[in-house]
Amino acid sequence: PGLDDAPLELARQVLKGMLVAWYLRPPRQAKRESAAGWLNAVVGFDQIVSRQDADGTGGTPDLAATQARCFQLDQSSNGVALEFRSPWSTAVQIGQLLLLQRKDTDLMVTAERFIAIVRRLLLRQGHVLAAGLQRVPGRPVSVVVDRQDERDKPFDALLLRRGSGSRLGLIVPPGTFA
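To keep things clear, this report deals only with the structure shown in the data block. (Residues numbered from 1 in each chain as written. Predicted model: local features only at pLDDT ≥ 70, side-chain atom pairs only at ≥ 80, totals over all residues. Heavy atoms only, no water.)

### Brief notes about the overall build of the protein chain
Here is step 1: In terms of helices and strands, the protein chain carries 2 helices and 9 strands.
Here is step 2: Ordered by position from the N terminus, the helices and strands of the protein chain form the series α-β-α-β-β-β-β-β-β-β-β.
Here is step 3: Counting only residues that meet the buried cut, the protein chain has 35% of its 178 residues in that class.
Here is step 4: Contacts in the protein chain between residues far apart in sequence, at least 24 positions, make up 56% of those at least 6 positions apart. (Helix = DSSP H or I, 4+ residues; strand = E, 2+ residues; numbered from the N terminus. Buried < 20%, exposed > 50% of the residue type's maximum accessible area, 1.4 Å probe, protein only. Contact = heavy atoms within 4.5 Å.)

This is the structure we're talking about:
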């Protein structure tokens, strides 16, 4: 049988929808500003909790213990744009939680530390992985949460301290309330 335009047009519509969903950026909600510099990244909830201590200092991440090192391109109040240069951790995936700490020079690490969620990834030329991250407000502190029912075991969580008078945030392990 001959091919008519209906299947071709349907394929075009499907591909156009995929292009929007997989590539095109959503409209910006906040203005971006340049903020170049190196960041150390710890990837994944369990790794982040193990890197933090109870008072939130977490020590100074050294490069050997850090899962990824990335370059910050820009930032806004809601997020950051990063580039991971090859080789990068295969754990860097959409939806993954990252603990990021600014590393302004190779000799001195500042205390700024924040949590972000990977929202988009793009593989660029030269084995560079570009990432768009949503910043989660608050300074992370590792805590242990006790449940009211004594039969349930306590679990690790990340408490997000925000400015005075603001509500606290809490990130719990995946599947905690499933």
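Next comes the rest of the account.
### With respect to the pairing of strand 5 (residues 113-124)
Here is step 1: When strand 5 meets strand 6 (residues 128-136), the two strands line up antiparallel, connected through 9 bridges. Within strand 6, the residue paired with Arg-124 across the bridge is Val-128.
Here is step 2: The antiparallel pairing of strand 5 with strand 6 creates a hairpin that spans 3 residues between the two strands, and Gly-126 there sits at a positive phi of about 75 degrees. (Pairing = 2+ DSSP bridges.)

### Some remarks on the pattern of salt bridges
Here is step 1: Per the counting criterion, the structure on display carries 4 salt bridges.
Here is step 2: Between Asp-74 and Arg-32 there is a salt bridge, with its nearest N and O atoms 3.2 Å apart. With Asp-74 in strand 2 (residues 68-75) and Arg-32 in the loop between helix 1 (5-22) and strand 1 (33-43), this residue pair connects regions lying 42 residues apart in the sequence.
Here is step 3: A cluster of three or more residues bridged by salt bridges with shared partners is formed by Glu-83, Arg-85 and Arg-124. (Salt bridge = Lys/Arg side-chain N within 4 Å of Asp/Glu carboxyl O.)

### Quick notes on the side chain of Gln-101
Here is step 1: Among the secondary structure elements, Gln-101 is positioned in strand 4 (residues 97-103).
Here is step 2: Reaching out from Gln-101, the side chain makes a polar contact with the side chain of Arg-113 at a distance of 3.3 Å. (Polar contact = N/O pair within 3.5 Å; in protein donor to acceptor, adjacent residues only side chain to side chain.)

### Notes on the pairing of strand 6
Here is step 1: Among the 9 residues of strand 6, 7 are classified as buried, and the element is accordingly described as predominantly covered.
Here is step 2: Pairing analysis gives 7 bridges linking strand 3 (residues 79-85) to strand 6, with the strands arranged antiparallel. Following the sheet pairing, Val-80 is matched in strand 6 by Leu-133.

### As for the nonpolar core
Here is step 1: Counting 17 residues, the largest nonpolar core has Cys-70, Leu-82, Phe-84, Leu-98, Leu-100 and Leu-133 as the members making the most contacts within it.
Here is step 2: Sorting the residues of this core by element identifies strand 1, strand 2, strand 3, strand 4, strand 5 and strand 6 as the ones contributing at least two each.
Here is step 3: Non-local contacts of Leu-98, meaning those with residues more than four positions away in its chain, are made with Ala-41, Val-42, Val-43, Ile-48, Phe-84, Phe-114, Ile-115, Ala-116, Val-118 and Leu-133. (Core = buried A, V, L, I, M, F, W, Y, C linked by side-chain atoms within 4.5 Å.)

### Details of the packing of aromatic side chains
Here is step 1: One pass over the structure, following the stated rule, counts 1 aromatic pair.
Here is step 2: Considering the side-chain rings of Trp-38 and Phe-71, the 5.2 Å spacing of their centres and the 75 degrees angle between planes classify their relative orientation as edge-to-face. With a gap of 33 residues between them, Trp-38 in strand 1 and Phe-71 in strand 2 connect regions that are remote in the sequence.
Here is step 3: The aromatic ring of Trp-38 is capped on one face by Arg-69, whose charged end is 4.7 Å from the ring centroid.
Here is step 4: Over the face of the ring belonging to Phe-114 we find Arg-135, whose NZ or CZ atom lies 3.9 Å from the ring centre. (Phe/Tyr/Trp six-rings, centres within 6.5 Å; stacked < 30°, edge-to-face > 60°. Lys NZ or Arg CZ within 6 Å of the ring centre and 35° of its normal.)

### Regarding the sheet that holds strand 9 (residues 169-171)
Here is step 1: On the basis of which strands lie adjacent, the open sheet formed by 3 strands has the order 7-8-9 and antiparallel pairing. At either end of the open sheet lies a strand with only one pairing partner, and these are strand 7 (139-145) and strand 9. Ignoring which end each strand starts from, the neighbouring axes of this sheet average 35 degrees apart.
Here is step 2: Strand direction decides the pairing type here: strand 7 and strand 8 (residues 155-161), joined by 7 bridges, are antiparallel. Within the sheet, the bridge partner assigned to Arg-139 lies in strand 8 and is Arg-161. (Axes fitted to C-alpha atoms, helices over the stretch in contact; angles between N-to-C directions.)

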